[in-house]
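Observations on chain architecture
Listed here are the chains, written in short residue letters.
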2 protein chains.
Amino acid sequence: MTRTLPAAVDVREVGPRDGLQGEAPIAPEDRARLVAALLDAGVRRIEAVSFVSPEAVPAMAQPRAVLSALPRHEGVTIAALVPNLRGADMALEAAVDEITVTVAASAEYNRRNVNMSIDESVRAVTEICARCADAGVSVDAVVSCAFGSPYEGDIPSTDVAQLAERLRQAGATALTLADTTGMATPRVLADVLAATGTDVGLHLHETRGTGLLNAYAAMEMGVRRFDSSVGGLGGSPFAETAAGNLATEDFVALLDDLGVRTGISLARLLRASALAEHLVGHRLPSPVYRVGPRLG
Amino acid sequence: MTRTLPAAVDVREVGPRDGLQGEAPIAPEDRARLVAALLDAGVRRIEAVSFVSPEAVPAMAQPRAVLSALPRHEGVTIAALVPNLRGADMALEAAVDEITVTVAASAEYNRRNVNMSIDESVRAVTEICARCADAGVSVDAVVSCAFGSPYEGDIPSTDVAQLAERLRQAGATALTLADTTGMATPRVLADVLAATGTDVGLHLHETRGTGLLNAYAAMEMGVRRFDSSVGGLGGSPFAETAAGNLATEDFVALLDDLGVRTGISLARLLRASALAEHLVGHRLPSPVYRVGPRLG
């Protein structure tokens, strides 16, 4: 089995952005402390902030204050999510290393989420990519609902692949496929990856308890880039009843056991998890955080 | 990927025994209602009761009352866990179809659990198997801590295989390897299965969020028999903080999606889950029960 697994994977930590955006607002200095703790654990790529309206998402207010409180780290990619060109301009001015944008593969989800058609969103991404190209900053385009939509159900893999290709044409330097409402399975992953190729990142959710399983299956299929969130924070539209994002602890514990390198120290990561739990003020969903690693 | 998966697997439901044994006691008629609901959903093999001391495990009291309240089902295997020869005699008198016994691969776990050495436990199993052979009843010997022990850590796979072989020699007609404290990973599974062969059942736990992943990986490795528990009830020594047994809902939802037959109707299973939740009086851990199947 394990001979089909990669020697290493690239883990992008999204907890400080995707994880915290649904929590009660936390002071920028504390968000910076969490980012710093994650970098200390060996995280080398992190979505640290978003440049969204502080009225719309109070928990993401003051991204500049978060970024300016961060220590300098060599070889680290600090990413910022932006919803539009104005956000991109602010992020570029703040000298982030990477920009993240999202477009849903579900027309209805996209409309409800950003009140735009998919075509309008792709045009917005095109403008953002042009601006980032001028600044020499890479853009990761995240396709949400790539493995199913709560509105349309299954999204044809050809539609996902077509949207991915349009986003590449628009100038995206990387693509991530997101399982926004936890509808991915190894079968759906295989279908979609056959259409898009495996040179994509995956953003997986535990909504239906399949995040870690899908990450494992996707590694076997050749995927090498994954998002995860400290403690499993965030990511679920069913936050009251189910876990959200794939937890970094659970993923790193699995990869350590399988001999797949991440560069992240699980022991130090668990210290960052404790800080995250302290900051959000409630229990983190990650079972490995709660129970400890298998050889404890 | 999916071409390496089996056409069908055998799911043994253990909720009414393993799931309920750690809950507040439920009336025998209600436990029988739950078993009947699970059989109605298509379950064909079910650990329904145990013949243990009602003082030691009040939740498992009155197994005869549970069994006699069950409707007749054609082609169904009703199993009972027994801790010793006396329990086996009672179970045989009650005309169960299968007997389950357990021995830990961890000497320390076995000592703490049943106050016997592994040798003493194997001798007890030998006596039980002889009695069951006379009655023409099969015995499934469950090796607990097969993928790691909270006391000894990793258990050498040769030790697990040796114990499995001794239990076969003792007369066990089937073997199940149990991940008692959620320490299995695909790597450990591959190691142990290479030593024991894949003609074993697996009893997996979600203690560290790896139950569904391990079931998937084990199917790829050739395993065809699995235990699961309605709602994910039971099975965890960390019940306050983490999920327990692999949930039947989560497993069946995955298998349905992968095209692996179980004979179980997910829609009817979810009705049995609702009954289980009502009976135990608290939320079930299964995410698929809580959130619903991916296509609703």
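For the structure itself, look to the data block above.
Residues numbered from 1 in each chain as written. Chains lettered and ligands numbered in written order. Predicted model: local features only at pLDDT ≥ 70, side-chain atom pairs only at ≥ 80, totals over all residues.

1. Some points on the overall build of chain A
Secondary structure summary: chain A contains 12 helices and eight strands in total. Its C-alpha atoms give chain A a radius of gyration of 18 Å, within 12% of the compact-globule value 19 Å for 296 residues. Dimensions along the principal axes, computed over C-alpha positions, put chain A at roughly 50 × 45 × 35 Å. Counting every position in chain A, which comprises 296 residues, the buried fraction comes to 55%. (Helix = DSSP H or I, 4+ residues; strand = E, 2+ residues; numbered from the N terminus. Rg over C-alpha atoms; globule rule 2.2 N^0.38 Å. Buried ≥ 20, exposed ≤ 12 C-beta atoms within 10 Å, placed from the backbone.)

2. A look at the relation of the copies chain B and chain A
Least-squares fitting of chain B to chain A yields an RMSD of 0.0 Å, with the transformation described by 0.0 Å of translation along the axis and a rotation of 180°. The operation mapping one copy onto its partner corresponds to a two-fold rotation axis. Among all residues of chain B, the minimum C-alpha distance to the rotation axis is found for Leu213 of chain B, at 2.2 Å. The share of interface residues of chain B whose copies in chain A are also at the interface is 100%, consistent with both copies meeting through the same surface. (Least-squares fit on C-alpha atoms with pLDDT ≥ 70 in both. Contact = placed C-beta atoms within 7 Å.)

3. Looking at the interface of chain B and chain A
Listed as interface residues are 33 residues of chain B and, on the opposing side, 33 residues of chain A. At the level of secondary structure, the elements contributing two or more residues to the side of chain B that touches chain A comprise α8 (186–196), α9 (211–221), α10 (248–258) and α12 (287–291) of chain B. Tallying contributions element by element places α9 of chain B first for the side of chain B that touches chain A, with six residues.

4. As for the environment of Asn113 of chain B
All names here are of chain B. With respect to the helices and strands, Asn113 occurs in helix α5 (residues 107–114). The partly exposed category is assigned to Asn113, around which 17 C-beta atoms lie within 10 Å. For the pair formed by Asn113 and Val188, sequence separation is 75 residues and the distance between their alpha carbons is 23 Å.

5. Section: the nonpolar core
Side chains of nonpolar character tend, in soluble globular proteins, to be buried together. Judged by nonpolar contacts, the single largest core of 188 residues is most densely connected at Ile99 and Val143 of chain A together with Ile99 and Val143 of chain B. With sequence-adjacent residues up to four places away left out, Val143 of chain A is seen in contact with Val103, Ala105, Val160, Leu163, Ala164, Leu175, Leu177 and Ala178 of chain A. (Core = buried A, V, L, I, M, F, W, Y, C linked by C-beta atoms within 7 Å.)

6. Let's talk about the packing of helix α10 (residues 248–258) of chain A against helix α11 (residues 266–280) of chain A
For any two helices packed against each other, the geometry is given by the interaxial angle and the distance between the axes. Residues and elements named next belong to chain A. At their nearest, the axes of α10 and α11 sit 10 Å apart, and the two run at 170° to each other. In terms of orientation, α10 lies roughly antiparallel with respect to α11. Counted together, Thr248, Glu249, Val252, Ala253 and Asp256 of α10 and Leu266, Leu269, Leu270 and Ser273 of α11 form the full contact between these two elements. Across the contact of α10 with α11, the residue classes break down as five nonpolar, two polar and two charged. (Axes fitted to C-alpha atoms, helices over the stretch in contact; angles between N-to-C directions. Parallel < 35°, antiparallel > 145°, perpendicular 65-115°, else oblique. Nonpolar A, V, L, I, M, F, W, Y, C, P; charged D, E, K, R; others polar.)

7. With respect to α10 of chain B
All names here are of chain B. Across the 11 residues of α10, eight count as buried, placing the element largely inside the fold. When we look at burial in α10, the residues that qualify are Thr248, Glu249, Asp250, Phe251, Val252, Ala253, Leu254 and Leu255. Contacts from the buried residues of α10 go to β1 (10–13), α1 (15–19), α9, β8 (225–228), α11 (266–280) and α12. Taken from the residues just after α10, Gly259 is the one with a positive phi, measuring 75°.

8. What about unusual backbone geometry?
Residue and element names in this part refer to chain A. One non-glycine residue, Ala95, adopts positive backbone phi at about 60°. Tracing the backbone through its elements, the reader meets Ala95 in the loop between α4 (85–93) and β4 (98–104). Given 10 C-beta atoms within a 10 Å radius, Ala95 is considered exposed. We note that Cys145 has phi near 55°; this positive angle belongs to a residue other than glycine. When you line up the elements, Cys145 lands in the loop between β5 (138–144) and α7 (157–169). Of the residues examined, Cys145 has 27 C-beta atoms within 10 Å and is grouped as buried.

9. Quick notes on helix α9 (residues 211–221) of chain A
Among the 11 residues in α9 of chain A, 10 count as buried, and that is most of the element. Within α9 of chain A, the full set of buried residues consists of Gly211, Leu212, Leu213, Asn214, Ala215, Tyr216, Ala217, Ala218, Met219 and Glu220 of chain A. Buried residues belonging to α9 of chain A abut α8 (186–196), β7 (201–203), β8 (225–228) and α10 of chain A together with α8 and α9 of chain B. Phi turns positive, to about 115°, at Gly222 of chain A, one or two residues after α9 of chain A.

10. What to know about the packing of α8 of chain A against α9 of chain A
All names here are of chain A. One way to put it is that α8 packs onto α9 with a least axis distance of 9 Å and a crossing angle of 40°. The hand of the α8/α9 crossing is right-handed. Where α8 abuts α9, its residues Pro186, Leu189, Ala190 and Leu193 lie against Asn214, Ala217, Ala218 and Met221. The residue inventory of the contact of α8 with α9, partitioned by class, reads seven nonpolar, one polar and no charged. (Left-handed = near helix turned anticlockwise from the far one by under 90°.)

11. Brief notes about the pairing of strand β3 (residues 77–81) of chain B
All names here are of chain B. Summarising burial for β3: four of the five residues are buried, a large majority. Of the strand pairs in this sheet, strand β2 (residues 45–50) and β3 are connected by five bridges, and their pairing is parallel. By the bridge assignment, Arg45 is partnered in β3 with Thr77. For the crossover from β2 across helix α3 (residues 63–68) to β3, the handedness is right-handed. Inspection of the sheet shows β3 paired to strand β4 (residues 98–104) by three bridges, in the parallel sense. (Pairing = 2+ DSSP bridges. Right-handed = clockwise from strand over helix to strand, strands pointing away.)

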